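Chain residues, written in single-letter form:
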Amino acid sequence: MGTVTKVGIVGMGHVGAHVANSLVLQGIADELYMTEQCSGDEDHSAKLAAEVQDLGDSLAFCPHNVALVNCGDDYGRLAECDVIVNAAGKVSLASEDRDGELFYTTDTARKFIKPIADAGFDGVWVSIANPCDVVATEIWKLSGIDPRHVIGTGTALDSSRLKYALSRATGYDQHSICAYMLGEHGSSMFAAWSAVNFGGKPLAQLKREQPERFGFDEAEVEEAARHGGYVTYAGKHCTEFAVADAACRIVRAVVSNEHYITPCSTLMTGDYGEEGFFTSLPCVIGADGVEEVMHFDLSDAELAEFHASCAHVKENLERVGLR
């Protein structure tokens, strides 16, 4: 990484704008390059200009100045960035179906992946657009970039939702809970209950010692994590804060070379017998993107859920000609 941290964003809709605001407010980026998403006959230039203006008006309240660059639809300008966040989507298409954006986001991504790759981008992609695992796989395949340099936010968000649900069930602070949702960022994701711990103490042990506190309904808690996004969508017709913060946390881990561990979507290379596509497992994130994929002993039931989730990702890849 250079001394000046440059971050690009493709798509300045609800999520992209919140990513930009969080990056600026946390002082993560020194220079922020923003593009509109190219999607058919829709003109996003006015929205992009408005977001850049609004961000500029907020800089006096931020930790340091940030150069804000309106790149319009010139995607090649993002090639100089250390990290590019893909937030080009249309959440209304997923209002009733988690895979509702499948054709929209993959078609849209085809319009900017190659121009950015051809301009020489060799940084790290952080992709939010859904279905996250499919789009991350597409970025890897079409760009030819090192797969470690493609990170889908994946179940980083869902794991945060799981921690929130566990915090409400037990009263413990979320930061003291280690809990992962794994597999696709979609309906087939699952909670790895065998790995859940509170301050390092396994949930299974705590259930024996304090059944009144830890004897909660695991299926109910897991469902809260799996469908938390729809609770948000039902009230405001989008999700934006949490997913933007999940992306920014990954960006920060990359530009600060943190070696931060989080579930995220990464290339399967034989993991639990799966390979050739992206889905979420715990990963070590640093300057080189995904530096290591963490594995632990999943139960037989969890392994079955993981393979079923992977099967769904592969089905979607086939639907868009990526497998």
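Per an unreviewed UniProt entry, the recorded name for the chain is Lactate dehydrogenase, and the organism is Bifidobacterium italicum. Its UniProt record gives the chain a comment under Sequence similarities (unreviewed entry), which states: "Belongs to the LDH/MDH superfamily. LDH family."

*Asks:* Quick question: what am I supposed to make of the UniProt feature "domain: Lactate/malate dehydrogenase C-terminal" (unreviewed entry) in the chain here?
*Replies:* UniProt tags residues 155–319 as "domain: Lactate/malate dehydrogenase C-terminal" (unreviewed entry). With 48% helix and 24% strand, residues 155–319 has its two end C-alpha atoms placed 22 Å apart.

*Asks:* I would appreciate a short explanation of the UniProt feature "binding site: NAD(+)" (unreviewed entry) in the chain in the present structure.
*Replies:* UniProt records the feature "binding site: NAD(+)" (unreviewed entry) for Gly11, Met12, Gly13, His14, Val15, Gly16, Ile128, Ala129 and Asn130 in the present numbering. Here the residues from the annotation list that line the second largest pocket are Gly11, Met12, Gly13, His14, Val15, Gly16, Ile128, Ala129 and Asn130. Looking at the element boundaries, His14 is found in helix α1 (residues 14–25). For His14, a relative accessible area of 49% puts it in the partly exposed group.

*Asks:* When you look at the environment of Thr35 in this model, what are you seeing that I'm missing?
*Replies:* For Thr35, the position within the fold is in strand β2 (residues 31–35). Excluding anything up to four places from it in sequence, Thr35 contacts Ile9, Val10, Gly11, Met12, Leu48, Cys71, Gly72, Asp74, Tyr75 and Leu78.

*Asks:* What is the right way to look at the layout of surface pockets in this model?
*Replies:* A probe as big as a water molecule, rolled over the atoms, marks out the empty space that is left. As a volume, the largest pocket reaches approximately 900 Å³. Lining the largest pocket are 31 residues, with Leu157, Ser160, Arg161, Gln174 and Ala242 positioned closest to its centre. When residues of the lining of the largest pocket are traced back to their parent elements, those giving at least two are α5 (156–170), α8 (218–236), α9 (241–255) and β12 (260–271). Ranked by residues supplied to the lining of the largest pocket, first place goes to α5 with eight residues. Its residues assigned to classes, the lining of the largest pocket comprises 15 nonpolar, nine polar and seven charged. Within this model, the second largest pocket holds a volume of roughly 750 Å³. Lining of the second largest pocket is provided by 36 residues; of these, Val15, Gly89, Lys90, Val91 and Glu101 occupy positions nearest its centre.

What counts and how
- All residue numbers here refer to positions counted from 1 along the written sequence of the relevant chain.
- Given that the model is predicted, a residue must reach a pLDDT of at least 70 before its local features are reported, and side-chain atom pairs must reach 80 or more before they are shown or counted; all residues, however, enter totals for whole chains, interfaces and linings.
- Note: side-chain values were computed over all heavy atoms of the structure, leaving out hydrogens and water.
- UniProt positions are given in the numbering used here, feature names are shortened, and annotations may be inferred rather than shown by experiment.
- Where helices and strands are cited, they refer to DSSP runs of H or I of at least four residues and of E of at least two residues respectively, numbered from the N terminus.
- Both cavities and pockets are sets of points on a 1 Å grid over the protein atoms alone; in a cavity a 1.4 Å probe fits but cannot get out, in a pocket the set is open with protein on both sides within 12 Å along at least five of seven lines, and lining residues sit with an atom within 4 Å of a point.
- For each residue, the accessible area found with a 1.4 Å probe, counting protein chains only, is set against the maximum for its type, and the residue is called buried under 20%, exposed over 50%, and partly exposed in between.
- In what follows, a contact means two residues having at least one pair of non-hydrogen atoms within 4.5 Å.
- Grid points are joined across faces, edges and corners, and a volume is the space filled by probe spheres set on the points.
- Charged residues are taken to be Asp, Glu, Lys and Arg, nonpolar residues to be Ala, Val, Leu, Ile, Met, Phe, Trp, Tyr, Cys and Pro, and polar residues to be all remaining types, Gly included.

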